Structure formats: structure tokens, C-alpha cells
Amino acid sequence: MTAVIDLRSDTVSKPTPAMRRAMAEAEVGDDVFGDDPTVNRLEQMAAERMGKEAAVFVPSGTMANLIALLVNTRPGDEVLLGDQCHIFNYEGAGSARIANVQVHALANGATGGLDPAAVESAVRGPNIHTPVDSLLCLENTHNRCGGAVLPLREMDALTAVARRHGMRVHLDGARIFNAAVALETEPARIARDCDTVSFCLSKGLGCPVGSLICGDRASMELARRHRKMLGGGMRQVGILAAAGLYALEHHVERLADDHDNARRIADGLAKLGPFAVNAPQTNIIVADIVEGTLEGWLDALKEQGVLAVPFGPQRLRMVTHINISRADAEETVRRVQRAAAARAA
Ligand code: TLP
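So, how was this worked out
For every chain, the first residue of the written sequence is number 1, and numbering continues from 1 along that sequence. With the structure being a predicted model, the display of local features is reserved for residues of pLDDT at least 70 and the display and counting of side-chain atom pairs for 80 or more, all residues being used for whole-chain, interface and lining totals. For the side-chain quantities, the full set of heavy atoms in the structure was used; hydrogens and water were omitted. For every domain, the bounds stem from an assignment made automatically or drawn from a database. By definition in these notes, contact holds between two residues if any of their heavy atoms fall within 4.5 Å. A 1.4 Å probe defines the accessible area here, and the buried area is the portion of it lost by two parts on being joined, summed over both. For this document, the term salt bridge refers to a Lys or Arg side-chain nitrogen within 4 Å of an Asp or Glu carboxyl oxygen. Put simply, DSSP marks the helices as runs of H or I at least four residues long and the strands as runs of E at least two long, and each gets a number from the N terminus on. For each residue, the accessible area found with a 1.4 Å probe, counting protein chains only, is set against the maximum for its type, and the residue is called buried under 20%, exposed over 50%, and partly exposed in between. The rule for a residue being near a molecule or strand is that one of its heavy atoms must lie within 4 Å of it. Each polar contact in these results corresponds to two N or O atoms within 3.5 Å; when the atoms are within protein, one needs to be able to donate a hydrogen and the other to accept it, and residues that are neighboring in sequence are counted only if both atoms are side-chain atoms. The Shrake-Rupley method, run with a 1.4 Å probe, gives the accessible areas here. Residue values count only the displayed protein chains as cover. The way it works is a 1 Å grid over only the protein atoms, where trapped points that fit a 1.4 Å probe form a cavity and open points with protein on both sides within 12 Å along at least five of seven lines form a pocket, and then any residue with an atom within 4 Å of a point lines it. For this analysis, a molecule is said to be in a pocket or cavity if more than half of its atoms are within 2 Å of the grid points defining it. To estimate how far a helix should reach, multiply one less than its number of residues by 1.5 Å.

Turning our eyes to something else, we now look at the domain arrangement of the chain. Domains assigned within the chain are domain 1 (17–250) and domain 2 (254–344). One C-alpha centre belongs to domain 1, the other to domain 2, and the line joining them spans 29 Å. Tallying the contact residues gives 17 residues for domain 1 and 14 residues for domain 2. Buried surface at the junction of domain 1 and domain 2, both sides included, amounts to about 1300 Å², of which 54% is carbon and sulfur.

Enumeration over the complete set of coordinates arrives at 19 salt bridges. When the shortest N-O distance is used, the salt bridge between arginine 124 and glutamate 78 registers 2.8 Å. Taken as a pair, arginine 124 in the loop between helix H6 (116–122) and strand S5 (133–139) and glutamate 78 in strand S3 (residues 78–82) lie far apart in primary sequence, 46 residues in all. Assessed through its relative accessible area of 1%, glutamate 78 is described here as buried.

Once that is clear, we can look at the site of the ligand. Around the ligand sit 14 residues, and of these Ser9, Gly61, Thr62, Asp172 and Arg175 come closest. At a separation of 2.8 Å, an oxygen atom of the ligand approaches a polar backbone atom of glycine 61. A distance of 2.8 Å is found between an oxygen atom of the ligand and a side-chain nitrogen or oxygen belonging to arginine 175. Protein contacts shield 82% of the accessible area of the ligand, which totals 520 Å² for the unbound molecule. In this structure the site holding the ligand corresponds to the largest pocket. Among the elements that take part in the shell around the ligand, helix H3 (residues 61–72) stands out by supplying three residues, more than any other.

It is worth spelling out helix H14 (residues 326–344) at this point. Helix length check: H14 (19 residues) gives 27 Å between terminal C-alpha atoms against 27 Å at 1.5 Å per residue, within 8%. In this structure, the buried residues of H14 make contact with strand S1 (5–6), helix H12 (255–270), strand S9 (275–277), helix H13 (294–303), strand S11 (306–307) and strand S13 (315–319).

A cis amide bond, omega 0°, links asparagine 140 with the succeeding residue threonine 141. Here alanine 93, not a glycine, exhibits a phi torsion of approximately 55°, which is positive. The topology assignment puts alanine 93 in the loop between helix H4 (86–90) and helix H5 (94–97). Here alanine 93 falls in the partly exposed class, since its relative accessible area comes to 40%.

Attention shifts here to the environment of histidine 142. Looking at where histidine 142 falls in the secondary structure, it is placed in the loop between S5 and helix H7 (152–164). Taking relative accessible area as the criterion, histidine 142 reaches 0% and is therefore assigned buried. Counting along the chain gives 140 residues from histidine 142 to threonine 282, while the straight-line C-alpha distance between them is 9.8 Å. Contact partners of histidine 142, with chain neighbours within four places excluded, come to Gln84, Cys85, Asn108, Thr111, Gly112, Gly147 and Ala148. Separated by 3.3 Å, the side chain of histidine 142 and the backbone nitrogen of cysteine 145 make a polar contact.

Here we come to the side chain of threonine 320. Structurally, threonine 320 can be placed in the loop between S13 and H14. Judged by relative accessible area, threonine 320 falls into the buried class, the value being 0%. A polar side-chain atom of threonine 320 sits 2.7 Å from the main-chain carbonyl oxygen of aspartate 258. Those residues in contact with threonine 320, other than ones at most four positions away along the chain, are Leu7, Asp10, Asp258, Asn261, Ala262, Ile265, Asn283 and Ile285.

Structure (C-alpha cells):
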């Protein structure tokens, strides 16, 4: 049996030998005291890349988003977001349980955006009966929309609505570097009109752990307090920050290879009858099963040594990453063909 091709997520990617060396050699200190020079360098570099004044290193994308809710709202406020976004679907309702906000989910379009007119009409007027709409959350690239890139003009239209109503904007940029590579622009341009932006090191950038939240200095001071409250204050964490610094220097441009490989896999799947497949703009492939069951297909793929995840009642997801070569992408297509032939027999 040849090696398993693990496409469950880009989070399964493993640190390279060079990244591990950078981690082993990291200078460290107690980061809760602000003493870790490697974390300090990473936070500075992250802030620069996102075009913000400051950044805070946190353990996960989920904590970064929760901190963004805590920083940008007051208890009882309302947050406008997309019904397909990660904060709404996959973060254990931390918005309700910890940030004490009400979320109003609006229909996401195919590119992961929202209709600016729908946002406009969702904003409540000044009335003693209604919650205050203080925050709009966006996601780019958009995970559940198949790694879609929210075009800049759509982002600009949405941030303009928020501004007009005195609302703040948070961008869940877990995969913002994939968006930047696809758009051939800088992440700072994508996040330009967002008050806070978070991004993950532990996905396409290939690090074992970590995310950053970025924004103006006052917001990030508050973010640091919230991180401590949530138990996310870490000590000699330069060991992890070193992986982040390494990734920001060496693993951004190569994301284009992941996007090519995702297209290769999607093209291969699209030629087989049983799937309706997205045209990946980045590293996420979503396939709707039109013949057979989701469980049946996940098992059949696993038998051939390809791992995918369920992503809806009749939908599966595959994600390319640093450990998936072009040869692996081609082999994936062959294995899916074999799974289809085995099913037909
Ligand atoms: N996404 C994971 C799962 O939780 C679904 C994945 O495999 O894609 N924002 C976005 C857009 C994300 O896709 C994720 C993780 C997060 C935030 C949360 O990041 P972590 O897992 O670090 O808490």
C-alpha cells in the first residue's frame, strides 16, 4: 500500500525539517512578560504584512476570532456575518457563550461575500428595543464556499456599508495568504478597511500551531488582556513563533502550487460522473455527490488511501497543502478513478 494522501484539511500539514530547525534554535523568553524576542519579532512582522499597528500571537484561529468579537463589541450587541462563515458554524457558539453577543446570519453568496443591500437593511436603527449592530465579520478566503476569494470590490462595498453605520469590521483571514496569492496582491490591501484581521499559521503556511490577530495598538492591548483571560497567554512560545517567522519568509509564494494541485484534483473529479465539483480558486475542493452516498464515497476513497472530510449532507471536501506534491495530486485522481471503478463493478 502506498502512502495515504491526507486531504482532510491543510491543518494536517507537518513542519518541514528546516522549520523544525528554526524552532529548535529559537531564542525564547516568557511571553506573558513580553520577554520572548521571537514572538515579538513575529508580532511585528504580522502587523506589517497586514498593514496594522500591532499584532498578538494566539494559539488558534478560533481564539483569534473570539478575541475579535470581545475587542470589537460590547455584551448585548449584534454582529452581522455570513451564514456559511466559520465563526457561525464551527466555533462552539463562543459568540453567545463568551462574547455575549447576538449573531444575525445573512446568506453568503458563492464567493463567500454578502449582499451589501442585505447588510444595509439588516442594520437596525436607533431604537430602545433593538440591539446595537457594532460589528460586521467577513471571511477571505471562504472555507465553506470552497476556498472562494472574496473580490476586493465586494470587500470594499461591504466595509463601506459598515463604515456608514459606524460599525467595526473583523476579517477572518485564516487563509488570507491564499487569497493574496490568488489575487496577486498584498494581504494588507485585502485587510485595508478592516479594524481587525486574523490569520492562521497552522493551515497553508504549514506551521504546527498558531494564529495572529492584528489591528490598531489600543485594540491589540485589549486583545492581549482577553487572550490572558481565555488562557491563551503562553510562556517560552518563541519555539512556535519561530515556525511562523520561517513560514512568512518561505511558505507564502508556494501557496500557488497548492492552488494548482487543487485545480488538478478538481478537474480529475469533474470528469467522473458521480461528482459536481467547484472550480477551486485556492486550495479547497468541494464535491457534491450526485451518485451514491457520502459515507459510501468517503469509505471507498479511504480504501484507496485518500482521506477527505464530510462537508454537508451530500458534500465532501479535500484541501491541498505543503505535504501534497503534484505527483500526489495526480495520484489522487487515479485513486478516485479506482474507487469509482470499484463501486461500479
Ligand atoms: N478550519 C478548520 C475546521 O475547523 C473546519 C478546517 O479544517 O478548515 N477560520 C476559518 C476560515 C477556518 O477555516 C478555521 C479552521 C478557523 C477559523 C479556526 O482555526 P483553528 O482550527 O486554528 O481554531
